[in-house]
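Structural characterization, general
For reference, the chains in residue letters:
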Amino acid sequence: MQALLQQAQNMQQQMATAQEELANTQVTGNAGNNLVTATVTGGGELINLTIDPKIVDPEDVETLQDLVIAAIKDANQRAQQLVEQKLGPLAQGGLGGLLG
């Protein structure tokens, strides 16, 4: 039982370290051939949004809105992939087969 508790503590420490690394990692997503780029942290926090001025058309705000949303979604998907790579089975909330 002691070995099981030690293994759980080690996994908890590894997860905390990985989460800290993820929080400090930036991931960029884009849309419209890089006309809109969004940068998020590994934790999914939006930290930067860049819009190429040539896409700004007062007559067509909807396209710009769609591109912004698409860039943020792309960045968040990339961040999620990073989380899955970094945390492995722990990203799904399990203990990696530790208990079952």
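The structure contained in this document is the topic of the report that follows. Predicted model, so just to flag it, every value in this text is computed and none were measured.

About the criteria used
Residues numbered from 1 in each chain as written. Predicted model: local features only at pLDDT ≥ 70, side-chain atom pairs only at ≥ 80, totals over all residues. Heavy atoms only, no water. Helix = DSSP H or I, 4+ residues; strand = E, 2+ residues; numbered from the N terminus. Buried < 20%, exposed > 50% of the residue type's maximum accessible area, 1.4 Å probe, protein only. Core = buried A, V, L, I, M, F, W, Y, C linked by side-chain atoms within 4.5 Å. Contact = heavy atoms within 4.5 Å.

**Looking at the overall build of the protein chain**
- Along the protein chain, the regular secondary structure elements total two helices and three strands.
- In sequence order, the protein chain lays out its α and β elements as α-β-β-β-α.
- Split into buried and exposed, the 100 residues of the protein chain put 26% on the buried side.

**Observations concerning unusual backbone geometry**
- The phi angle at Asn33 is positive, at roughly 55 degrees, despite the residue not being glycine.
- Its location among the elements puts Asn33 in the loop between strand S1 (26-31) and strand S2 (36-41).
- Located in the positive-phi region is Asn34, a residue other than glycine, with phi close to 70 degrees.
- Secondary-structure assignment places Asn34 in the loop between S1 and S2.

**Some remarks on the nonpolar core**
- In terms of nonpolar packing, the biggest core is built from 13 residues, with Val36, Val40, Ile55, Leu64, Leu67 and Ala71 touching the most fellow members.
- Among the elements that make up this core, the one with the highest residue count is helix H2 (residues 61-87) (six residues).
- Sequence-distant contacts of Val36, defined by excluding residues within four places in its chain, comprise Gly29, Asn30, Ala31, Leu49, Thr50, Ile51, Leu64, Leu67, Val68 and Ala71.

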